[in-house]
Amino acid sequence: MTATLTRLERDRPTTVQDLRVRADWLRLEVIRMIDKAGLGHYSSTFSCAEILSVLYYRVMRLDPATPDWADRDRFLLGKGHAAVGLWPILSDLGYFPREDLDTFGYIGSPLGDHPDMRKAAGVDFSSGSLGHNLSVGLGIAMAARLRGSDHRTFVLIGDGEIQEGQVWEAAMAASHYELGNLVAIVDANGFIGSGPTSELMSIEPLADRFAAFGWHVIELDGHDVDALVTTFADLPAPGSDRPVCLIARTQKGRGVSLMEEAPRAWHVGCLTPEQRDDAIAEISARMQEVSA
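Now for a description of the structure that goes with this document. Keep in mind that what you see is a predicted model, and the values were worked out from it rather than measured.

**Comments concerning the overall build of the protein chain**
In terms of helices and strands, the protein chain carries eleven helices and seven strands. Taking 2.2 N^0.38 as the reference for a compact globule, 292 residues should give roughly 19 Å; the C-alpha atoms of the protein chain span a radius of gyration of 18 Å, in line with that estimate. For the protein chain, the spread of C-alpha atoms along the three principal axes comes to 55 × 45 × 40 Å. The burial tally for the protein chain puts 54% of its 292 residues in the buried class. Considering only intrachain contacts with a sequence separation of at least 6, the fraction spanning at least 24 residues in the protein chain is 79%. As displayed, the protein chain has an accessible area near 11,900 Å², and 52% of this comes from carbon and sulfur atoms. Computing the positive centroid from 27 side-chain charges and the negative centroid from 41, the protein chain places the two 4 Å apart.

**A few points about the packing of helix α1 (residues 16–37) against helix α11 (residues 273–291)**
Closest axis-to-axis distance for the α1/α11 pair is 9 Å, and the angle between their directions is 165°. When the axes of α1 and α11 are compared, the pair comes out roughly antiparallel. Where α1 crosses over α11, the two elements pack in a sense that is left-handed. Contacts between α1 and α11 involve Gln17, Arg20, Val21, Asp24, Trp25, Arg27, Leu28, Ile31 and Asp35 from the former and Arg276, Ala279, Ile280, Ile283, Ser284, Arg286, Met287, Val290 and Ser291 from the latter.

**Some remarks on α1**
An ideal rise of 1.5 Å per residue puts 32 Å on 22 residues; α1 measures up with 32 Å between its terminal C-alpha atoms. Just past α1, the residue Gly38 takes up positive phi, approximately 80°.

**Regarding the nonpolar core**
Grouped together as the largest cluster of nonpolar side chains are 62 residues, with contacts concentrated most on Leu55, Tyr56, Phe75, Trp87, Phe154 and Phe232. With eleven residues, the top contributor of residues to this core is α1. Not counting chain neighbours up to four residues away, the residues in contact with Trp87 comprise Met33, Phe96, Leu101, Phe104, Pro110, Leu111, Gly112, His114, Pro115, Ala120 and Val123. By size, the runner-up hydrophobic cluster in this structure holds 27 residues, among which are Leu134, Ala174, Ala184 and Cys245.

**Overview of the packing of α1 against helix α9 (residues 225–233)**
At a minimum axis distance of 9 Å, the contact between α1 and α9 shows a crossing angle of 115°. One finds that α1 runs roughly perpendicular with respect to α9. Considering only the axes of α1 and α9, their crossing is right-handed. For the pair α1 and α9, contact is made by Val16, Leu19 and Arg20 and by Val225, Asp226 and Val229, respectively.

**Overview of the state of the cysteines**
Tallying each qualifying case throughout the model produces zero disulfides. You can see Cys245 has no disulfide; the closest cysteine sulfur is in Cys48, sitting 15 Å from it. For Cys245, a relative accessible area of 0% gives the class buried. We note that Cys270 lacks a disulfide partner, and the nearest cysteine sulfur, in Cys48, lies 18 Å from it.

**Thoughts on the environment of Arg32**
Position of Arg32 among the secondary structure elements: in helix α1. The partly exposed category is assigned to Arg32, whose relative accessible area is 29%. Separated by 225 residues in sequence, Arg32 and Ser257 have C-alpha atoms that sit 17 Å apart. Beyond its immediate sequence surroundings of up to four residues, Arg32 is in contact with Arg98, Leu101 and Asp102.

**Looking at the pattern of salt bridges**
Tallying each qualifying case throughout the model produces 20 salt bridges. Between Arg72 and Asp124 there is a salt bridge whose closest N-O contact spans 2.9 Å. Within this pair, whereas Arg72 is found in the loop between α3 (49–59) and β1 (74–77), its partner Asp124 is found in the loop between α4 (87–93) and α5 (133–147), the two being separated by 52 residues in sequence. Here Arg249 makes a salt bridge to Glu204, at a shortest N to O gap of 2.8 Å. Taken as a pair, Arg249 in strand β7 (residues 244–249) and Glu204 in the loop between α7 (197–200) and α8 (206–212) lie far apart in primary sequence, 45 residues in all. Several salt bridges converge on common partners, so that one network encompasses Arg10, Arg61, Asp73 and Asp150.

**Section: the environment of Gly160**
Considering the arrangement of structural elements, one finds Gly160 in the loop between β2 (153–158) and α6 (165–176). Residues Gly160 and Leu62 lie 98 residues apart in sequence; the distance between their C-alpha atoms is 29 Å.

**Quick look at the side chain of Arg61**
Its location among the elements puts Arg61 in the loop between α3 and β1. Polar side-chain contacts of Arg61 include one of 2.8 Å to the backbone oxygen of Asp71.

**What about the pairing of strand β6 (residues 216–221)?**
Note that β6 and β7 share six bridges and pair parallel. Residue Glu219 lies in a different strand from β7, and its bridge partner there is Ile247. A crossover connection joins β6 to the parallel β7 through α9; in handedness this β-α-β unit is right-handed.

Conventions adopted
- Residue numbers here run from 1 along each chain, matching the order of that chain's written sequence.
- Restriction of local features to residues with pLDDT of at least 70 applies here, the model being predicted, together with a cutoff of 80 or more for giving and counting side-chain atom pairs; totals for whole chains, interfaces and linings are based on all residues.
- Side-chain measures were taken over the full set of non-hydrogen atoms in the model, leaving aside hydrogen atoms and water.
- The helix and strand labels rest on DSSP assignments: H or I over at least four residues marks a helix, E over at least two residues marks a strand, and numbering proceeds from the N terminus.
- C-alpha atoms define the radius of gyration, and 2.2 Å times the number of residues to the power 0.38 defines the globule rule.
- Only protein chains enter the accessibility calculation, which uses a 1.4 Å probe. A residue is then buried if its area is under 20% of the maximum for its type, exposed if over 50%, and partly exposed in between.
- Contacts were defined at the residue level, with two residues in contact if any of their heavy atoms lie within 4.5 Å.
- Each accessible area is a Shrake-Rupley estimate made with a 1.4 Å probe; only the visible protein chains count as cover when residues are assessed.
- Positive charge is attributed to Lys and Arg, negative charge to Asp and Glu, and no charge count is given to His or to the chain ends.
- By convention, the point assigned to a charge is CZ for Arg, NZ for Lys, CD for Glu and CG for Asp.
- Note on geometry: axes are C-alpha line fits, over the in-contact stretch for helices, and angles between N-to-C directions span 0 to 180 degrees.
- Geometric relationships in this document are graded by angle, where less than 35 degrees denotes roughly parallel, more than 145 denotes roughly antiparallel, 65 to 115 denotes roughly perpendicular, and other angles denote oblique.
- By convention the crossing between two helices is left-handed if the near helix lies anticlockwise of the far one by an angle smaller than a right angle, and right-handed if it lies clockwise.
- To estimate how far a helix should reach, multiply one less than its number of residues by 1.5 Å.
- Residues grouped as a nonpolar core are buried Ala, Val, Leu, Ile, Met, Phe, Trp, Tyr and Cys residues, joined through side-chain atoms within 4.5 Å.
- Pairs of cysteine sulfur atoms within 2.5 Å are what we label disulfides.
- A pairing counts as a salt bridge when a side-chain nitrogen of Lys or Arg comes within 4 Å of a carboxyl oxygen of Asp or Glu.
- Think of a polar contact as two N or O atoms within 3.5 Å of one another; within protein, one of them needs to be a possible hydrogen donor and the other a possible acceptor, and neighboring residues in sequence only count if both atoms come from side chains.
- Strand pairing requires that DSSP identify at least two bridges connecting the strands.
- Crossovers are described as right-handed under a simple rule: with the strands pointing away from the observer, the path leading from the first strand over the helix to the second runs clockwise.

Next comes the structure, spelled out in structure tokens:
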């Protein structure tokens, strides 16, 4: 992957095939970084790899050379424990040198297990405690309206995070203020750290609940790159009057067989050298197949 320092416009002509490869490239980078740091969240990051790939390499308007450009699209990672999946992309786009990735998880590094906007370029807001960033995204979207800017705010939240009451306060306010420039993406992988979401605190029927709060709701397969590309391309204009919720049905640990079979076991942890090599081989074989 090669970095670029030019302004990135929306709907860039990246192929679906390339985006699939980039999602698996991201998985390989996550494995490498966690292996070096000895910490990190695999399965929660792998469930949103395709979403991150499509957003950053095709959908969002960005300027890596000017991270605080006022009219950039914003991205907030509500499920902050997936930050290890954000760092390789930001580095690849030119926000900071690739060498910084090797400091992930080390004391003094700007690249932590959760994103910190005060330390890392390209982070629009910090996250750690779950449930806050939809409210923050709401505020950013309101500010854009006041400024007359057409930038969009995307907030990626976990399905377990939706158990937080503040999420629903933000959902209520977003429709009240008619914020069509706000897009919530639910990484609905069916698990939180302690078990299946459906058993611990059910959030279903998720589409009906967001619709009841006045949102325009779209459900899709969060690993189907073609569907993601089409859905983002067809979003209502930022000046529309209904916030959008994309419910992305995903699989925790997607892309590595042993994690797909035991998703909760790999919420946190470290692969053994043998498991690491097997996972790398599995992902690399799939990348070669896609590229053939």
